[in-house]
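# Observations on chain architecture
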Protein chains: 2
Amino acid sequence: MPRAGLSPDVVVRLALEVVDAGGPSGFADLTLAKVAARAGVAAPSLYKHVGSLADLRREVTVIAVRELTAAGTSATVGRAGADALHALADAWRRYALAHPGRYAATQIGADPDDPADAVHRAAGEESVRTVVSVLRGFGLPDERVVDAVRAVRAGVHGFVTLELGAGFRMREDVDQSFTVLLDMLVAGVAALAAPDPAQATTGSDR
Amino acid sequence: MPRAGLSPDVVVRLALEVVDAGGPSGFADLTLAKVAARAGVAAPSLYKHVGSLADLRREVTVIAVRELTAAGTSATVGRAGADALHALADAWRRYALAHPGRYAATQIGADPDDPADAVHRAAGEESVRTVVSVLRGFGLPDERVVDAVRAVRAGVHGFVTLELGAGFRMREDVDQSFTVLLDMLVAGVAALAAPDPAQATTGSDR
DNA sequence: GCCGGAAAGCTACGCCTATTAGCCAAAGGT
DNA sequence: ACCTTTGGCTAATAGGCGTAGCTTTCCGGC
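Residues numbered from 1 in each chain as written. Chains lettered and ligands numbered in written order. Predicted model: local features only at pLDDT ≥ 70, side-chain atom pairs only at ≥ 80, totals over all residues. Heavy atoms only, no water.

Taking an unreviewed UniProt entry as the reference, chain A is identified by name as TetR/AcrR family transcriptional regulator belonging to Promicromonospora umidemergens.

### A look at the environment of Gly 5 of chain B
Tracing the backbone through its elements, the reader meets Gly 5 of chain B in the segment before helix H1 (8-21). Sequence separation of Gly 5 of chain B and Pro 195 of chain B is 190 residues, and the distance between their C-alpha atoms is 61 Å. (Helix = DSSP H or I, 4+ residues; strand = E, 2+ residues; numbered from the N terminus.)

### Remarks on the interface of chain A and chain B
In this assembly, 37 residues from chain A lie in contact with 37 residues from chain B. When the two sides are added together, the surface that chain A and chain B hide from each other amounts to roughly 3,200 Å², 63% of it contributed by carbon and sulfur. For the pair chain A and chain B, the number of links is two salt bridges. One salt bridge in this structure joins Arg 169 of chain A and Glu 125 of chain B, with 3.6 Å as the shortest N-O distance. Run the count over chain A and chain B and you get eight residue pairs in polar contact (both at pLDDT 80 or more). Secondary structure elements with two or more residues in the side of chain A that touches chain B: helix H7 (142-164) and helix H8 (174-193) of chain A. In terms of residue count, the dominant contributor to the side of chain A that touches chain B is H7 of chain A (13 residues). When the residues that make up the side of chain A that touches chain B are grouped by side-chain class, the tally is 15 nonpolar, 14 polar and eight charged. (Contact = heavy atoms within 4.5 Å. Buried area = accessible area lost by both parts, 1.4 Å probe. Salt bridge = Lys/Arg side-chain N within 4 Å of Asp/Glu carboxyl O. Polar contact = N/O pair within 3.5 Å; in protein donor to acceptor, adjacent residues only side chain to side chain. Nonpolar A, V, L, I, M, F, W, Y, C, P; charged D, E, K, R; others polar.)

### Considerations on the packing of H7 of chain A against helix H7 (residues 142-164) of chain B
At a minimum axis separation of 6 Å, H7 of chain A and H7 of chain B run at an interaxial angle of 110°. Compared by their axis directions, H7 of chain A and H7 of chain B come out roughly perpendicular. Only Arg 150, Arg 153, Ala 154, Gly 155, His 157, Gly 158, Phe 159, Thr 161 and Leu 162 of chain B of H7 of chain B make contact with H7 of chain A, whose side of the interface consists of Arg 150, Arg 153, Ala 154, Gly 155, His 157, Gly 158, Phe 159, Thr 161 and Leu 162 of chain A. Looking at side-chain class alone, the contact of H7 of chain A with H7 of chain B contains six nonpolar, eight polar and four charged residues. (Axes fitted to C-alpha atoms, helices over the stretch in contact; angles between N-to-C directions. Parallel < 35°, antiparallel > 145°, perpendicular 65-115°, else oblique.)

### Comments concerning the protein's contact with DNA strand C
Lining the immediate surroundings of DNA strand C are 19 residues, of which Leu 32 and Tyr 47 of chain A together with Arg 3, Ala 42 and Ser 45 of chain B lie closest. Sugar plus phosphate, as a fraction of atoms of DNA strand C within 4 Å of the protein: 59%. One nitrogen or oxygen atom from the side chain of Arg 3 of chain A is found 3.0 Å from a base nitrogen belonging to DNA strand C. In this structure, a phosphate oxygen belonging to DNA strand C sits 2.6 Å away from a main-chain N or O atom of Leu 32 of chain A. (Near = heavy atom within 4 Å.)

### Regarding helix H6 (residues 118-136) of chain A
Residues and elements named next belong to chain A. Taking 1.5 Å per residue as the helical rise, H6 with its 19 residues ought to reach 27 Å, and the 27 Å between its terminal C-alpha atoms agrees with that figure. Among all positions of H6, only His 120, Ala 123, Ser 127, Val 128, Thr 130, Val 131, Val 134 and Leu 135 are buried. Looking straight down H6, one finds that the buried residues subtend no more than 135° of arc, so they occupy a single side. The secondary structure elements touched by the buried residues of H6 are helix H3 (53-76), helix H4 (81-98), H7 and H8. (Expected span 1.5 Å × (residues − 1). Buried < 20%, exposed > 50% of the residue type's maximum accessible area, 1.4 Å probe, protein only. Arc of directions from axis to C-beta.)

### Here's the deal with the relation of the copies chain A and chain B
Rotating chain A by 180° and moving it 0.0 Å along the rotation axis overlays it on chain B with an RMSD of 0.1 Å. On the angle and the small slide along the axis, the relation comes out as a two-fold axis. By residue overlap, the copies meet face to face through one surface: 89% of the interface positions of chain A are interface positions in chain B. (Least-squares fit on C-alpha atoms with pLDDT ≥ 70 in both.)

### Remarks on helix H2 (residues 32-39) of chain A
Residue and element names in this part refer to chain A. Of the residues making up H2, those classed as buried are Leu 32, Val 35, Ala 36 and Ala 39. The arc that holds the buried residues of H2, viewed along the axis, is 100°, so those residues lie on one side. Next to the buried residues of H2 lie helix H1 (8-21) and H3. Phi turns positive one or two residues past the end of H2, at Gly 40, with a value near 70°.

### With respect to the nonpolar core
Counting residues in each nonpolar core, the largest one holds 117 residues, and the members touching the most others are Val 35 and Leu 135 of chain A together with Val 35, Leu 135 and Leu 140 of chain B. In terms of residues, this core owes the most to one element, helix H8 (residues 174-193) of chain B, which gives twelve residues. (Core = buried A, V, L, I, M, F, W, Y, C linked by side-chain atoms within 4.5 Å.)

### Points about the pattern of salt bridges
All names here are of chain B. The tally for this structure, following the rule as stated, stands at 24 salt bridges over all chains. For Arg 129, the salt bridge identified is with Glu 126, shortest N-O distance 3.0 Å. In this pair, Arg 129 and Glu 126 both sit in helix H6 (residues 118-136), three residues apart, roughly one turn of the helix. For Glu 126, a relative accessible area of 38% gives the class partly exposed.

Okay, structure coming up:
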């Protein structure tokens, strides 16, 4: 009975392979049995390295969130304003399209009350920090930053989710549609920063 | 040995109860065992009324998509332009917040090749039709309609998804953030209709 | 009013998952 | 060399979907 040379890190790495091999539903379909098969080991053996399937999912999620964050930050260094926002959104979308399973993992929300989710929570906040930095470059008033962050996250995340979920027909035009959406968001954020001209729409404030 | 008085429709109704009782993950957590428990029946008995769990999910999905569509259309009758778009988006968001489990069901994409998904596919197209109608009121050129539809769907869907997934802290400001996002989308769609940089809001020419 | 068949329950089973318990061999430090 | 820790294993429990086959109830036709 030879050893398989597993370790917590190796198990997580194999889990990532399973997620990547499963397409957009790779994360939802992540199973200890599949990881064990890839490791050449019986399923219960994994418990020597991992607490539970939930733990493994959590670790995969944190890695994915950090990768997404890193993609965003590295895409925006040396850029500002609309340029930076485009680069950030493009980086997010590219990551999602290149690693749909991992991206799905990032959609999981951390439980605000669960201490086990503390790392996950911190990773999410770190990710938001990138967006905040980029948007601050637009000179937004502090109380509007949160609105802008939410709008950008919602737009990009929604687009990518719909795209991955086969929500769009006419594949060819998807890039253009994404550009259009981004232009809307950039213009909207810019308008939030400088609400003086006659183009204030109907929005008002509350 | 008494009969439970089940029928396909009753089983679907019970499934909807299970989905509704399960919060945002109610659809993902839908299980034949739970439906059977609610019906007061052993799980295999359900197969007299339903082909499989997948079938039951499909039926739930179609109902949810149709309800979401109906919420959108009924909210936009007699409205046009920015008014209609606001009403449509509000209706979507209200539906999602009121029925998070059913809304999650609507996120499932129909398989373009699976004949069993034909009804699902049709329901989805019907839903898109509402958005197209509303956006046509902005006088968009035909080739931009698809971009606008995608932007609006992405923005609203992304926002609601993040909101349901506990992606937002500071609950109080969420309504305002949604309004801000909608204003961006309205202005963006209007700008698509009238691409003069001068005025970005009045989209009612043509 | 009876009776036969279809419909709607049931139990038992097979196969999949996660997870726990307890055993045994391999690695490695002393 | 030994002996402890560690990392595998098998066996078993619990819960999920789905199938097979049995039994009971209901209803329509006589």
